[in-house]
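Here is what each chain is made of, one letter per residue.
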Amino acid sequence: MPTKKSLAGRRIFITGAGAGIGAATARTLADLGAKVAILDRDGTAARRTSESLRRGHSLWVEGDVVDAAAIDRVLSAMDDSWGGIDDLVNNAGTWDHDTILNLTLERWRRVFEVNLMAPIAISRAVVPQMKSGGAIVNVSSVLGQVTAPGRGPYCVSKSALISLTKIQAVEWAPLGIRVNAIAPGYIMNETTRNFAAQGGFDVEAVTRRTPLGRLGTEEDVAFGIAYLLDPVKAAYVTGHVLEVNGGWTAYGYV
């Protein structure tokens, strides 16, 4: 586990940090000494997360990850406030669950724009501004590693994000930039509760199938991200997919 202030002074951009795993990651990184820039299309949520952190160590921008102008605003704000950027967490994501024959191509495109194309575009914008020793963490999913019928766009886009991570890691290693992915399992949060209430998720069944006997927390994932960003503890880790799922994939069957 990262130690207190192990990320002291790191300037980190997190997408989708208004709530959920992104907000938990912002809090965790700030507790470890980082300065955190938050982008979220929900400006109220972004501001709330930012204001919960230490004054002067966070900033927020309202905007969509698919909007290049919003990315430019974040990078400009980081440059003006802190003199640049060290690390990036591509956390923002979306889903659209249905069978392949029921899903229009436009619905597929929207998921891929957020889950795959945005991380590509943001990383391309950030890397030229990062110095050697920087790190990128792409937030994938356990569903990017297994087959889940009826959840095609999410599964395929998150699987592609893992492949992208490995390509980025190899291409940008000569620049001194490490790139890793984290693949959370089933996390108990507001989204999961709402999905379960709609009948799309059986919490008890997943809990029984998970070797550690519980769903994960947002903080479980945040600590994993913090480790992958750590320039000392994870200095020789790149192109890796860190599974944070309580042993769910190790169990071997759905």
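Basis of the calculations
Residues numbered from 1 in each chain as written. Predicted model: local features only at pLDDT ≥ 70, side-chain atom pairs only at ≥ 80, totals over all residues. Heavy atoms only, no water. Helix = DSSP H or I, 4+ residues; strand = E, 2+ residues; numbered from the N terminus. Rg over C-alpha atoms; globule rule 2.2 N^0.38 Å. Buried < 20%, exposed > 50% of the residue type's maximum accessible area, 1.4 Å probe, protein only. Phe/Tyr/Trp six-rings, centres within 6.5 Å; stacked < 30°, edge-to-face > 60°. Lys NZ or Arg CZ within 6 Å of the ring centre and 35° of its normal.

1. Brief notes about the overall build of the chain
Looking only at helices and strands, the chain has eight helices and seven strands in total. Scaling as 2.2 N^0.38, a compact globule of 254 residues should have a C-alpha radius of gyration of about 18 Å, and the chain matches this with 17 Å. In terms of its C-alpha atoms, the chain occupies a principal-axis envelope of roughly 45 × 40 × 35 Å. Considering the chain as a whole, with its 254 residues, one finds that 52% of them fall into the buried category.

2. Thoughts on the packing of aromatic side chains
Geometrically, a pair of aromatic rings is defined through the distance of the ring centres and the angle of the planes. By the definition in use, this model includes two aromatic pairs. A centroid spacing of 6.3 Å and a plane angle of 35° characterise the contact between Trp108 and Phe112, whose relative ring orientation is tilted. In this pair, Trp108 and Phe112 are both assigned in helix 4 (residues 105-126), four residues apart and thus about one turn of the helix distant. The class for Trp108 is buried, based on a relative accessible area of 19%. An angle of 65° between the planes, with centres 5.6 Å apart, marks the rings of Tyr186 and Trp248 as edge-to-face. Of this pair, Tyr186 sits in the loop between strand 6 (178-184) and helix 6 (190-197) while Trp248 sits in the segment after strand 7 (241-244); the two residues are 62 residues apart in sequence, bridging distant segments of the chain. The same class applies to Tyr186 and to Trp248, which are both buried. Directly above the aromatic system of Trp248 lies the positively charged group of Arg209, at a separation of 3.9 Å from the ring centroid.

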